[in-house]
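# Topology and contacts: notes
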Amino acid sequence: MSAYTHEIRQQVFQQLDQVKLAFAARGWFPGTSGNLSIKISSAPLLVAVTASGKDKTVCTPHDYLVVDENSKPYEATTLKPSAETQIHTAIYRNIPEIGAVFHVHTVPNNIVSELYGNQGYVTLRNQELIKGLGIWEEGAEIQIPIVENYANIPRLAKEVERVLNPQVPGVLIRNHGIYAWGKNDFEAKRHLEAFEFLFAYHLQWLQVQHIAVQLAEQHAIQPHNPLTYRTAGQL
Ligand SMILES: CSCCC(=O)C(=O)COP(=O)(O)O
Ligand SMILES: [Zn+2]
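This structure is a prediction, so every number in the text was calculated from the model and none was measured.

About the criteria used
For every chain, the first residue of the written sequence is number 1, and numbering continues from 1 along that sequence. Chain letters and ligand numbers both follow the written order, the letters beginning at A and the numbers at 1. Thresholds applied to this predicted model are a pLDDT of at least 70 for local features of residues and 80 or more for the giving and counting of side-chain atom pairs; totals over whole chains, interfaces and linings are not thresholded and use all residues. Only hydrogens and water are set aside; all other atoms, that is, all heavy atoms of the structure, feed into the side-chain values. The patch calculation keeps residues exceeding 30% relative accessible area without a salt bridge and links them within 9 Å when they carry like charges or within 5 Å when they are nonpolar (Val, Leu, Ile, Met, Phe, Trp, Tyr). In these tables, accessible area is a Shrake-Rupley quantity obtained with a 1.4 Å probe, and a residue counts as shielded only by the protein chains included in the view. Salt bridges are counted wherever a side-chain nitrogen of Lys or Arg sits within 4 Å of a carboxyl oxygen of Asp or Glu. A helix here means a DSSP run of H or I that spans at least four residues, while a strand means a run of E at least two residues long, and both kinds are numbered starting from the N terminus. UniProt positions are given in the numbering used here, feature names are shortened, and annotations may be inferred rather than shown by experiment. Per-residue accessibility, obtained with a 1.4 Å probe over protein chains only, is compared with the maximum for each type, and a residue is labelled buried under 20%, exposed over 50%, and partly exposed between these values. Here a residue-residue contact requires only that any non-hydrogen atoms of the pair lie within 4.5 Å. Pairs of N or O atoms are called polar contacts if they sit within 3.5 Å, as long as, within protein, a hydrogen donor faces a hydrogen acceptor (for residues adjacent in sequence, only side-chain-to-side-chain pairs). Pairing between strands is defined by DSSP: at least two bridges between them are needed. For every element, the axis is a line fit to its C-alpha atoms; helices are fit only across the contacting stretch, and the angle between N-to-C directions ranges from 0 to 180 degrees. Coordinating donors are taken as N, O and S atoms within 2.8 Å of the metal, stretched to 3.2 Å for Na, K and Ca; because water is absent from the atoms, sites can appear incomplete. In this scheme the shape depends on donor count and angles: four donors with every angle between 85 and 135 degrees give tetrahedral, four or six donors with opposite pairs above 155 degrees and others between 65 and 115 give square planar or octahedral in turn, and any other case is irregular. Near is defined per residue: the residue qualifies when any heavy atom it owns lies within 4 Å of the molecule or strand. All amino acids are sorted into three groups, where Ala, Val, Leu, Ile, Met, Phe, Trp, Tyr, Cys and Pro are nonpolar, Asp, Glu, Lys and Arg are charged, and the leftover types, Gly among them, are polar.

Further remarks concern a nonpolar patch on the surface. A cluster of nonpolar residues, Val107, Ile111 and Leu115, forms a patch on the protein surface that exposes about 280 Å² of accessible area. Positionally, leucine 115 belongs in helix H3 (residues 107–115).

As a further point, take the UniProt feature "binding site: Zn(2+)" (unreviewed entry) in the chain. Taken from the UniProt record, the annotation "binding site: Zn(2+)" (unreviewed entry) applies to His103 and His105. Mapping histidine 103 onto the fold places it in strand S4 (residues 100–104). Looking at histidine 103, the relative accessible area reads 0%, which means it is buried. Excluding residues that lie within four positions of it along the chain, histidine 103 makes contacts with Phe29, Gly34, Asn35, Leu36, Glu84, His176, Gly177, Ile178 and Tyr179. Reaching out from histidine 103, the side chain makes a polar contact with the side chain of glutamate 84 at a distance of 3.0 Å. Structurally, histidine 105 can be placed in the loop between S4 and H3.

With that settled, the discussion passes to the sheet that holds strand S7 (residues 170–173). Overall, mixed pairing links the eight strands, which are arranged S3-S2-S1-S4-S8-S7-S6-S5 in an open sheet. In the strand order of this sheet, the two ends are held by strand S3 (64–67) and strand S5 (121–125), each with one partner. Neighbour-to-neighbour, the strand axes of this sheet turn through a mean angle of 20 degrees, independent of strand direction. With four bridges connecting them, strand S2 (residues 46–50) and S3 associate as antiparallel partners. If you follow alanine 48 over to S3, its bridge partner there is valine 66. Along the sheet, helix H1 (residues 6–25) contacts strand S1 (35–41), S2, S3 and S4; its crossing angle with S1, the most-contacted strand, is approximately 155 degrees.

A word on the UniProt feature "domain: Class II aldolase/adducin N-terminal" (unreviewed entry) in the chain. UniProt records the feature "domain: Class II aldolase/adducin N-terminal" (unreviewed entry) at residues 14–203, using the numbering of this structure. Across residues 14–203, helical content stands at 32% and strand content at 23%; the span's end C-alpha atoms are separated by 34 Å.

Moving on, we get to the coordination of the zinc ion (ligand 2). In the first shell of the zinc ion (ligand 2), the protein supplies Glu84 (OE), His103 (NE2), His105 (NE2) and His176 (NE2), at 2.1 to 2.7 Å from the metal. Each of the six donor atoms around the zinc ion (ligand 2) contributes to a set of angles spanning 73 to 174 degrees, which defines the coordination as octahedral.

Within the structure, ligand 1 sits among 14 residues, and Ser52, Gly53, Ser82, Ala83 and Glu84 are positioned closest to it. In this structure, glycine 34 approaches ligand 1 through a main-chain N or O atom, which is 2.9 Å from an oxygen atom. For ligand 1, the protein covers 74% of the area, taking 400 Å² as the surface of the free molecule. Split into classes, the residues belonging to the shell around ligand 1 amount to one nonpolar, eleven polar and two charged.

This is the structure:
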């Protein structure tokens, strides 16, 4: 990472704008939810992060600020960093090679987090898009950690820190959303998109499976697809 300059800050803010508008176009920031960050430097840790409570469907000169390793503004500003900045800095501290952390609230990530919240993780397998997470082995199976949605952000950040697995670039917060990261903004975006596809697929598959079982019962036949016999948690 380069040393901090005004030019670098502007460049990183522009990168954040691009990611923000792409996610906003998908409706991934309902009700001002979500936050984004890109690392500017590792030593000292400096991170450009979204300001709290902003409408993320638009771009203004007051959307981002730079924070330090303590999640405090690095320069004088009237902007407040995202209320969840400590989760971002905790992830950067624990996985030093990453360069971007993105957080969105979507219906699929919320439902999956609730469905498997008691278990503390969701297992996904048999999906090509697991490769989108940078996991290329054949027949890969991944477990995405799920933590409780503590209102106390330092506690929530500690909980996220506790379950971090550098092999799986994301953590779900129950009935809240997902944090995903990557070595840069391009990779973090790819990871987040892959997670969201996998969650949407998983939920639709559960619905189709349910319909297949109902139809089979109505017609007193075995459901056609052998995958139907897997338990939901294994899908
Ligand atoms: C209105 S959503 C509740 C807060 C939240 O979960 C979130 O992601 C946005 O918080 P921020 O302070 O980053 O705007
Ligand atoms: Zn949030």
